[in-house]
Amino acid sequence: MGGMCCGERDAQAVANDVFLNLQHGEYLKDSSASLKEDFDEDVTIDAKCTWFGEKHAEVFKVYKGHNGVLQWLGHFELLELETKVIEQKPDGKDGSTNPGNKVRTTVSYKAKSRLFGKTSETKLTDTVSWTIEQGKVTDIKIEYGDKDALTALLEPDASQAVVKAMFDDWSAGLFKTARADTVAKHFAGDVAIDANTTKPHTYKNTTGFTKYNGHDGIVQWLTFLDELAIEDLQVESILKGEKQGQVVVTTSYGARNIAENNRAPRRLSEVCVWEVVDGKVKGAAWRSRDSEELDALFQKKDYFHGKAPAAAAPEAAAPAEAPAPAEAEAAKV
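Residues numbered from 1 in each chain as written. Predicted model: local features only at pLDDT ≥ 70, side-chain atom pairs only at ≥ 80, totals over all residues. Heavy atoms only, no water.

## Notes on the layout of surface pockets
Next up, step 1: Computed from the structure, the second largest pocket encloses a volume of approximately 550 Å³.
Next up, step 2: Trp170, Leu222, Leu225, Ile230 and Leu233 are, among the 26 residues lining the second largest pocket, the residues nearest its centre.
Next up, step 3: Considered class by class, the residues forming the lining of the second largest pocket number 18 nonpolar, three polar and five charged. (1 Å grid on protein atoms, 1.4 Å probe; cavity = no way out; pocket = protein on both sides within 12 Å on 5 of 7 lines; lining within 4 Å. Points joined across faces, edges and corners; volume = space filled by probe spheres on them. Nonpolar A, V, L, I, M, F, W, Y, C, P; charged D, E, K, R; others polar.)

## Quick notes on the packing of helix 5 (residues 158-171) against helix 7 (residues 179-186)
Each pair of packed helices gets described by two things: the angle between the helix axes and the distance between those axes.
Next up, step 1: Across the interface, helix 5 lies against helix 7 with an axial gap of 10 Å and an inter-helix angle of 170°. By the angle class used here, helix 5 and helix 7 are roughly antiparallel. Residues Val162, Ala165, Met166 and Asp169 of helix 5 pack against Thr182, Lys185 and His186 of helix 7.
Next up, step 2: Split by residue class, the contact of helix 5 with helix 7 holds three nonpolar, two polar and two charged. (Axes fitted to C-alpha atoms, helices over the stretch in contact; angles between N-to-C directions. Helix = DSSP H or I, 4+ residues; strand = E, 2+ residues; numbered from the N terminus. Parallel < 35°, antiparallel > 145°, perpendicular 65-115°, else oblique. Contact = heavy atoms within 4.5 Å.)

## Concerning the environment of Asp46
Next up, step 1: Here Asp46 is to be found in strand 1 (residues 39-46).
Next up, step 2: Using a relative accessible area of 17% as the deciding quantity, one classes Asp46 as buried.
Next up, step 3: Here the alpha-carbon distance between Asp46 and Val128, two residues 82 residues apart in the chain, equals 9.9 Å.
Next up, step 4: The residues contacting Asp46, other than those within four sequence positions of it, are Lys61, Val62, Ile140, Lys141 and Ile142.
Next up, step 5: Reaching out from Asp46, the side chain makes a polar contact with the side chain of Lys141 at a distance of 3.3 Å. (Buried < 20%, exposed > 50% of the residue type's maximum accessible area, 1.4 Å probe, protein only. Polar contact = N/O pair within 3.5 Å; in protein donor to acceptor, adjacent residues only side chain to side chain.)

## Overview of the pairing of strand 4 (residues 102-113)
Next up, step 1: Taken across its 12 residues, strand 4 has nine buried, putting it largely inside the fold.
Next up, step 2: With eight bridges connecting them, strand 4 and strand 5 (residues 124-133) associate as antiparallel partners. Counterpart to Ser108 in the pairing with strand 5 is Thr125. (Pairing = 2+ DSSP bridges.)

The following block contains the structure:
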């Protein structure tokens, strides 16, 4: 692999090494030496796709530098790829006097969208043009070959689109800044949600995880959630459920109770089954995968992390005789 080779490599060797490192996830490892060894620090990746216009602009765009490479690869994490290199050859079509630093690779692959759970029915074919200088990638240009197949992978169905739009507004803060209007936009008037389908866990420190009905109920639920600072909310999947209009969403996030300043020891995860009817959310069943940690956020400060209030000092008593050895050990338990 690229990070393990020594000496300067030719352009095709660099392109081969990059593909191997991609397959092994080398570049996403912490402090990856392969990233710095295979990519120039000012590398440019042109991943734009003219088909979509402004759609998916957060993915199909130009990336720059090592951080740009990581962002680009982060979007690839949304797809499960079975990739095969069909052809790779030097590319001097632009009239370069030194075509040896250019490589053109044609790849074929089947893909599955992690976000929407869709699988491409046919293989997709893309072309990647590389420019390599002094053994490092300085420029990448991607040309996409299967518009319909790629669109089908990236576009949600109608119910998924409703739920995704709701989460997009959530991430944009509209459920805080324009709460009533945003609730009316996304939720049916007779919406009913169950904010605790986690069994057998019973929340001991809050009554907020309960059932809510109607727009007023949703506002009440959101007001309860205002007690928490939700950090780096990630929507990991928006999948079709078993029933018509059913959408299953998995999310993860960091969380802190604002008033008590209790912070979750790690990222929390939850699953919610949303019911969509006539373009709006009509029902939801929410389940935390980390209910105990979530419940602990609502503990009072003195009790958090097992810190109970100090007990009152006992009244002074006459000195007792020293216990026998066995009694002393029992007293320690």
